[in-house]
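Residues per chain are reported as follows:
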Amino acid sequence: MPTEVTGERPGGLLPGTFLAMLSESERDALVRLGGRFSFPGGSVLMFQHEPDIRVMLLLAGRVKVTQVDEEGRELLLSVRDPGDVLGELAFIDGQPRIATVTALEPVEAIVVQGSAFRHHLETTPRIATVLLEIAARRFRETTVKRAQFTGSDTLGRLAARIVELADRYGEPSEGSVVVASPLSHEDLAAWTGASRAGVANALHALRELGWLETERGRLLVRDLDALRDRAA
């Protein structure tokens, strides 16, 4: 169950996210629109097919966005970071949600009613423009990933996802890149569009090539350039 949090300000936002693209005063105004809640890891923040136009502003922790297709397979569409906006599509078009949002770790978020968010955007067009930029970027990313799924094998798709994790969360360390990853092998499989066995085989191949080492909760990328080339 979510727990309401009081008296704290957002911090640690990732560059390029919705809140990070706003000024401090713009962020403060948005935070005041809703309540701040904490969610334990594994909590579902939003459900696929849910008729709800509330918006969430992610302040801390990461979430995964998944979709169950017509054949019952769970696909991992994206990972969202502190500063990201959640639920913007249902808010914009008023249709049921197209995906489920689940906390990968303890999360804090501002929950804003759709009517309050819409009124605020109508009176602050710059924030509406930033939201439009975020929606366009996500559409572009989805298009690129769809092309990767149709034009690459499991190893290439996995390499692309590891490169994305390294670019977003990687920390240089003695010629390598250390990535603290919240994703399980099942999550990587769902993100790659492959079976868990297929991803396990691909990870084994990357370790054999010397490009990657894996530990519980983190990846050690030994050759990021090689992974980029394989992902292309």
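Below, the structure is looked at part by part. These numbers were taken from a predicted model, which means no experiment stands behind them.

## A look at the sheet that holds strand β6 (residues 74–80)
Paired through their backbone hydrogen bonds, the strands of a sheet run either parallel or antiparallel.
Step number 1: Within the open sheet, the four strands sit side by side as β3-β8-β5-β6. Their pairing is antiparallel. The sheet terminates laterally at β3 (44–46) and β6, the two strands that pair on one side only. Taken pair by pair, the neighbouring strands of this sheet meet at an average axis angle of 30°, ignoring direction.
Step number 2: The strands that helix α6 (residues 185–192) touches are β5 (63–68) and β6; relative to β6, the one it contacts most, it runs at about 100°.

## Focus on the sheet that holds strand β12 (residues 212–215)
Step number 1: Strand order in this open sheet of four strands is β10-β11-β13-β12, and the pairing throughout is antiparallel. Either end of the sheet is taken by a strand with one partner, and the two such strands are β10 (171–173) and β12. Taking the axes of each pair of neighbouring strands and ignoring which way they run, one obtains an average angle of 25° across the sheet.
Step number 2: Both β10 and strand β11 (residues 176–180) contribute to a ladder of three bridges, which runs antiparallel. Paired with Glu171 across the two strands is Val178, which belongs to β11.
Step number 3: Sitting on the sheet, helix α5 (residues 154–169) touches β10, β11, β12 and β13 (218–221), and the angle it makes with β11 is about 90°.

## Things to note about unusual backbone geometry
Step number 1: Positioned with a positive phi, His49 is a non-glycine residue whose angle comes to about 75°.
Step number 2: When you line up the elements, His49 lands in the loop between β3 and β4 (55–60).
Step number 3: On the basis of relative accessibility, which here comes to 60%, the residue His49 falls in the exposed class.
Step number 4: With phi around 50°, Glu174 is a residue other than glycine that occupies positive phi space.
Step number 5: Along the chain, Glu174 falls in the loop between β10 and β11.
Step number 6: The exposed category is assigned to Glu174, whose relative accessible area is 80%.

The rules behind each value
- Residues numbered from 1 in each chain as written.
- Predicted model: local features only at pLDDT ≥ 70, side-chain atom pairs only at ≥ 80, totals over all residues.
- Heavy atoms only, no water.
- Pairing = 2+ DSSP bridges.
- Helix = DSSP H or I, 4+ residues; strand = E, 2+ residues; numbered from the N terminus.
- Axes fitted to C-alpha atoms, helices over the stretch in contact; angles between N-to-C directions.
- Contact = heavy atoms within 4.5 Å.
- Buried < 20%, exposed > 50% of the residue type's maximum accessible area, 1.4 Å probe, protein only.

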